[in-house]
Amino acid sequence: MTPQEPIPHWPGELITLDRGHQVYVRSTPEKTGEPALFVHGLAGSSRNWTDLIDLLRPRLACAALDLPGFGDSPPRPDHRYSIAALAQTVEALIEKQADEKQADEKQANQVHLIASSLGGAVAVKLAATRPDLVKTLTLISPALPDPRPHLDQVHFAVISLPGVGPRVLRKYDALPPRSRVADVIATCFADPARFPQQRFAAEVAELAQRDTLDHATAALIGTIRTLTADFFRKGRHTAWRDAARITAPTLVIYGSQDRVVDPRQAGRAARAFPNSKIVVLPRTGHLAHMEHPAQVAAEITAMLDATAVKTREFPLTPAG
């Protein structure tokens, strides 16, 4: 049987937020469903969400952004890559899109926030600090601190060292784009054969083009330093403390064969997120939404259905 041709990536545009800050946002033609915003992981882009978005529309009016410095988004004007700064960017985008809709204020300001890996850490920060903006939260292999030592922590710590990171990345970037794309797929998919071959050439071309950007290395190193600092942060400002403050219904999905985020974090997630469902998908790597989009869409749809039922049973109407 001939493999099904993958759908094209959704169209996008640069959106200006404030003080010249711009982000690239892809969206579906339908604008009638409840708004949903998708946030990618480290070195990813809005293209990572193409198939999942197709399965969730038109129930959701879907938009996916490129985080500052990644995909087609330029860096922030202040060149900050901290989790808090990235969360501010996502917050500003949600508020701008809400203002443009000119709908009922309470409904328009809330989105279904769906994020993976680094984007998951950003989404946790936003959902904890701005609960009024997040209706439901879906996290796919979120990059939250893990006390268990693993190879990525070592790699990230080395890249974070002043003067060392750029040299390490220059050596890696000397590899052909084709080899680097294949390496990412092999690392992030439990079964690399599930990555559509028709998209492989496009990803190679995108990476080759990214190699020409002046900000590409700085964006990657800045974000890696942020994750490294978060992994070792102690006290009340940790990501897990933020998770405990989240009030929105939360779905957390792990892949049983994830080589980047340890799926054993599912237990800690179940204890940390107050109003949550935790799922570990079998035969799945780090990018469940790309490797098994139908299963991820089914889990999200189930959460949306459950949330809708609770809203109907317990409508939030003014007292008196």
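The structure we're discussing is the one just above.
Since the model is a prediction, treat every value here as computed from it, not as a measurement.

**Student:** Requested: an account of unusual backbone geometry, with residues and values cited.
**Tutor:** Cis geometry is adopted by the peptide bond preceding Pro58, which originates at Arg57 and carries an omega value of 0°. With respect to the helices and strands, Pro58 occurs in the loop between helix H1 (50-56) and strand E4 (60-65). Not every positive phi belongs to a glycine, and Ala43 is a case in point at roughly 65°. Topologically, Ala43 is positioned in the loop between strand E3 (34-39) and H1. A residue is classified by how much of its surface remains accessible, and Ala43, at 55% relative accessible area, is exposed. With a phi close to 50°, Ser117 is a non-glycine residue in the positive phi region. Here Ser117 shows up in the loop between strand E5 (111-116) and helix H4 (118-129). Since its relative accessible area comes to 10%, Ser117 is described here as buried.

**Student:** Break down the environment of Arg148 for me, with residues and values.
**Tutor:** Along the polypeptide, Arg148 turns up in the loop between strand E6 (134-140) and helix H5 (151-160). Taking C-alpha positions, Arg148 is 9.8 Å from Arg264, a pair spaced 116 residues apart along the chain.

**Student:** Please set out the sheet that holds strand E1 (residues 12-16) residue by residue, giving values where relevant.
**Tutor:** Here eight strands make up an open sheet; going across it, the order is E1-E2-E4-E3-E5-E6-E7-E8 and the pairing mixed. At either end of the open sheet lies a strand with only one pairing partner, and these are E1 and strand E8 (276-281). Adjacent strand axes in the sheet meet at a mean angle of 25° when their direction is disregarded. Direction of pairing for E6 relative to strand E7 (residues 250-255): parallel, over a ladder of four bridges. Residue pairing in the sheet places Leu139 in a bridge with Val252 of E7. Contacting E1, strand E2 (22-27), E3, E4 and E5, helix H2 (residues 83-101) crosses the sheet at an angle of about 155° to E3.

Rules and cut-offs
- Residues numbered from 1 in each chain as written.
- Predicted model: local features only at pLDDT ≥ 70, side-chain atom pairs only at ≥ 80, totals over all residues.
- Heavy atoms only, no water.
- Helix = DSSP H or I, 4+ residues; strand = E, 2+ residues; numbered from the N terminus.
- Buried < 20%, exposed > 50% of the residue type's maximum accessible area, 1.4 Å probe, protein only.
- Pairing = 2+ DSSP bridges.
- Axes fitted to C-alpha atoms, helices over the stretch in contact; angles between N-to-C directions.
- Contact = heavy atoms within 4.5 Å.

Note that every value here comes from positions in space, so none of it alone points to a role or purpose.
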